[in-house]
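Structural description and commentary
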Amino acid sequence: MAKLPEEFAPTGPKLSKFPIRPAPPVRPRLFADEARFVLRLSVLAGATEFAVWVWLTNSLAAREAFVLAGLRLLRPLWAKAGTRFSRMLIASLLIAVGLVCGSLFFWPFLIVGVGLPALGDLCATTIGDRITVERRAAAWAWLDMGQGLGAALGFALGHAGWSWPLCLAALAIGIIGIPALRDGGMPRSSWPAAEYVHTLRTPLAAQLTGLAFASGLLSARANVSLATGIVVPLAAMALATRVEPRMPNAIWLPRIATALALAGQLWPPLRVFGLGMMFAAIPAAVARGAGEMERPIASSISWSALFLGAAVGAAF
């Protein structure tokens, strides 16, 4: 076997007594204008997640839960439509339908109004088109945290009642993020269905999707007090953000969250604790373990699986 050149495999005396070590990883940071842009999109996505989780927290009939879950699975469809039509137009129409249908306070219209504006993928594709690759991961992490925080707050405050006005207020707040969807004449792209299938087959996405579905399924209809329902999920999410850096790999925290939800079958407060932890575990696992270009797709599949599991659990 031929020897490597001296500059790649030096054999001479060391030139320094200090050990040669790689520099610490550089965390990508958004510029100020990019941060404002991503924050608006995060508010938009988080507001829509807040609205739907508030409503799911209530006691739903089986058909209501399934309709709500089916509408949330349409999120890739809105991203695909954004390549043919204005993203601002799509988001405006969906939010408007949500506000109008929600104002009618009648079952078919109310469920459609709350579930239809699933804008996470639409916001993610906008970020992919507008933010350059070296800072794109940070922008997608912001969006994921916005969705997680919105879902956690919705699940927690849903225990307090007043679901109808909370849903309408959240959708109204989300309007402030619609102008950020303006393309400015740039090409609009989305991910093909085959890419969703490919990402789902990756080890991280496959495990995270299964754990998210199981966690949502096990955490539904937790019989807890009002104070427990509000405080515990938010406390679990805060704790998860602290312990996640100490986890051996990206999938450990979702596993722990699912195990806690399973233990909650014996003690109900652990159900909401496990679900609150999962709200933080999904963004952390995607940011830590997913491939560079697979992050938004893995996130989309995981959030859909979590909500689908919670909806199925709420139906039975």
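The paragraphs below set out a description of the structure included in this document.

Definitions and limits used
Residues numbered from 1 in each chain as written. Predicted model: local features only at pLDDT ≥ 70, side-chain atom pairs only at ≥ 80, totals over all residues. Heavy atoms only, no water. Helix = DSSP H or I, 4+ residues; strand = E, 2+ residues; numbered from the N terminus. Rg over C-alpha atoms; globule rule 2.2 N^0.38 Å. Buried < 20%, exposed > 50% of the residue type's maximum accessible area, 1.4 Å probe, protein only. Contact = heavy atoms within 4.5 Å. Areas by Shrake-Rupley, 256 points an atom, 1.4 Å probe, with all protein chains shown as cover. Axes fitted to C-alpha atoms, helices over the stretch in contact; angles between N-to-C directions. Parallel < 35°, antiparallel > 145°, perpendicular 65-115°, else oblique. Left-handed = near helix turned anticlockwise from the far one by under 90°. Patch = residues over 30% accessible without salt bridge, like charges linked within 9 Å, V, L, I, M, F, W, Y side chains within 5 Å. Salt bridge = Lys/Arg side-chain N within 4 Å of Asp/Glu carboxyl O. Phe/Tyr/Trp six-rings, centres within 6.5 Å; stacked < 30°, edge-to-face > 60°. Lys NZ or Arg CZ within 6 Å of the ring centre and 35° of its normal. Core = buried A, V, L, I, M, F, W, Y, C linked by side-chain atoms within 4.5 Å. Polar contact = N/O pair within 3.5 Å; in protein donor to acceptor, adjacent residues only side chain to side chain. Expected span 1.5 Å × (residues − 1). Arc of directions from axis to C-beta.

Focus on the overall build of the protein
Scanning the protein from terminus to terminus reveals 14 helices and zero strands. In terms of overall size, the protein behaves like a compact globule, its C-alpha atoms giving a radius of gyration of 21 Å where 316 residues would be expected to give roughly 20 Å. Oriented by its inertia axes, the alpha-carbon framework of the protein measures out at about 80 × 55 × 35 Å. Within the protein, the fraction of its 316 residues that count as buried is 50%. Considering only intrachain contacts with a sequence separation of at least 6, the fraction spanning at least 24 residues in the protein is 85%. As presented, the protein carries roughly 15,400 Å² of accessible surface, and 69% of it is formed by carbon and sulfur atoms.

Some words on the packing of helix α1 (residues 32-57) against helix α14 (residues 295-315)
The N-to-C vectors of α1 and α14 enclose an angle of 20 degrees; their axes lie 10 Å apart at closest approach. Judged by the angle between their axes, α1 and α14 are roughly parallel. Taken as a pair, α1 and α14 cross one another with a handedness that is left-handed. Of the residues in α14, those in contact with Val 52, Trp 53 and Leu 56 of α1 are Leu 306, Phe 307, Ala 310, Ala 311 and Ala 314.

With respect to a nonpolar patch on the surface
A cluster of nonpolar side chains, Leu 39, Trp 142 and Met 145, forms an exposed patch at the surface whose accessible area comes to about 300 Å². Relative to the assigned elements, Met 145 resides in helix α7 (residues 133-158). Judged by its relative accessible area of 48%, Met 145 is partly exposed.

Comments concerning the packing of aromatic side chains
Here the structure, examined in full by the defined rule, presents five aromatic pairs. Measuring from centroid to centroid gives 5.3 Å for Trp 53 and Phe 307, while their planes differ by 90 degrees, and the two rings are edge-to-face. With Trp 53 in helix α1 and Phe 307 in helix α14, this pair connects stretches of sequence that are 254 residues apart. Each member of the aromatic cluster is reached from another via a ring pair, and the members are Trp 53, Phe 155, Phe 279 and Phe 307. A cation sits over an aromatic face here: Arg 130 above Phe 37, 5.0 Å from the ring centre.

Thoughts on the nonpolar core
Trp 53, Leu 56, Leu 68, Ile 127, Phe 279 and Leu 306 are the most contacted members of the largest nonpolar core, which has 88 residues in total. If we skip the residues at most four places from it in the chain, Phe 279 touches Trp 53, Gly 148, Ala 151, Ala 152, Phe 155, Met 237, Trp 303 and Leu 306.

Considering the environment of Cys 123
Along the chain, the position of Cys 123 falls in helix α6 (residues 120-130). Here the alpha-carbon distance between Cys 123 and Leu 181, two residues 58 residues apart in the chain, equals 7.2 Å. Look past the residues within four positions of Cys 123 in its chain and what remains in contact with it is Leu 41, Leu 44, Ala 45, Leu 143 and Leu 181.

Focus on the pattern of salt bridges
Tallying each qualifying case throughout the model produces eight salt bridges. Close ionic contact of Arg 75 with Asp 121 constitutes a salt bridge, the shortest N to O distance being 2.9 Å. Of this pair, Arg 75 sits in helix α3 (residues 75-81) while Asp 121 sits in helix α6, and the two are 46 residues apart along the sequence. Overall, the relative accessible area of 1% leaves Asp 121 in the buried class. Between Glu 134 and Arg 135 there is a salt bridge, and its shortest N-O distance comes to 3.1 Å. According to the relative accessible area criterion, Arg 135 is buried, its value standing at 12%.

Some points on the side chain of Ser 302
Within the secondary structure, Ser 302 is located in helix α14. Polar side-chain contacts of Ser 302 include one of 2.8 Å to the backbone oxygen of Ala 298.

Quick word on the environment of Ile 95
Locating Ile 95 in the fold gives a position in helix α4 (residues 87-104). Through-space distance from the C-alpha of Ile 95 to that of Ala 285 is 30 Å; in sequence the pair is 190 residues apart. Filtering out sequence-adjacent residues up to four positions away, Ile 95 remains in contact with Leu 44, Thr 48, Pro 117, Leu 119, Leu 171, Ile 175 and Ile 178.

Some details on helix α8 (residues 163-174)
Compared with the 16 Å implied by 1.5 Å per residue over twelve residues, the 16 Å span of α8 between its first and last C-alpha is a close match. Restricting attention to buried positions, one finds in α8 the residues Ser 163, Cys 167, Leu 168, Ala 170, Leu 171 and Gly 174. Taken end-on, α8 shows its buried residues confined to a sector of 160 degrees, consistent with a single buried face.

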